[in-house]
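Listed below, chain by chain, are the residues.
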Amino acid sequence: MEKIKIGISKKKIILLLLGGIGFVFFSILFIIKPTDFVNSIIHSQKMIFIAGIAGLIFFGLGIIMLFIKLFDKNPGLIIDEEGIIDNTNSGSVGFIKWSDITEVTTKKIASTELILLQVKNPEEYISKANRLKKLSLKQNINNYGTPITLTSVVLQCSFNELEEIILESYKKYK
């Protein structure tokens, strides 16, 4: 029984944290001084203020989740003949059985590459999730047709390495 463990990259998480802190800083400025950001494109102080609140909530939550992940000692992914254990982010579903996966595809959104795991029982994976995760998983279904997406953003590997491991394992264990 061969287990492949891919760790969480603390370096990548720290870089993401620094970026998130920058966005939170600007979001706070949008809230405190929206008049300073009125320009020929965005004329409304109210829109800038609302963008600041949305940014503060979104990036603030992201920072909290990244900070928690920074101290997580568990591997990001564990792959074996049973399936995949996903522990990469707050939207992770945990254990995914190979027998549930019907297709593995990839998709690029802006600069982020995703592995999409089509499953025959998406509602089963959604039902196991907490309320916040359910929202994320349902959004994944709306955007990608599946609740389960994998990325190498916080992993100790490149996307190409992750894709190769997942595709080889899928062929081997399916």
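Scope of this entry: the structure provided in the associated data block. These numbers were taken from a predicted model, which means no experiment stands behind them.

A short note on unusual backbone geometry
- The backbone of Ala110 sits at a positive phi, close to 55°, despite the residue not being glycine.
- Locating Ala110 in the fold gives a position in the loop between β5 (101-109) and β6 (112-119).
- For Ala110, a relative accessible area of 73% corresponds to the exposed category.

Section: helix α1 (residues 10-32)
- The terminal C-alpha atoms of α1, which comprises 23 residues, lie 33 Å apart, in line with the 33 Å expected from a rise of 1.5 Å per residue.
- If you follow the buried residues of α1, they end up packed against α2 (45-70).

Some thoughts on helix α4 (residues 131-144)
- With 14 residues, α4 extends 20 Å from end C-alpha to end C-alpha; this agrees with the ideal 20 Å at 1.5 Å per step.
- Packed against the buried residues of α4 are β5, β6, α3 (122-127) and β7 (148-150).
- Two residues or fewer past α4, Gly145 is found with a positive phi of approximately 85°.

Overview of the pairing of β5
- Pairing of β5 with β6 involves 8 bridges; the strand directions are antiparallel. Paired with Thr105 across the strands is Leu116, a residue of β6.
- Linking β5 to β6, which pair antiparallel, is a turn of 2 residues; within it Ala110 sits at a positive phi near 55°.

What counts, and where the lines are drawn
Here, residues in each chain are numbered from 1, in the same order as that chain's written sequence. Selection of residues for local features in this predicted model requires a pLDDT of at least 70, selection of side-chain atom pairs for listing and counting requires 80 or more, and totals for whole chains, interfaces and linings are taken over all residues. The side-chain figures draw on all heavy atoms in the structure; neither hydrogens nor water molecules are used. For helices the rule is a DSSP run of H or I covering at least 4 residues; for strands it is a run of E covering at least 2, with both sets numbered from the N terminus onward. Throughout, exposure labels follow a simple rule: accessible area from a 1.4 Å probe, protein chains only, divided by the maximum for the residue type, with under 20% read as buried, over 50% as exposed, and the rest as partly exposed. By this rule, a helix spans an expected 1.5 Å times one less than how many residues it contains. Two residues form a contact once any of their heavy atoms are found within 4.5 Å. Between any two strands, at least two bridges found by DSSP are needed for them to pair.

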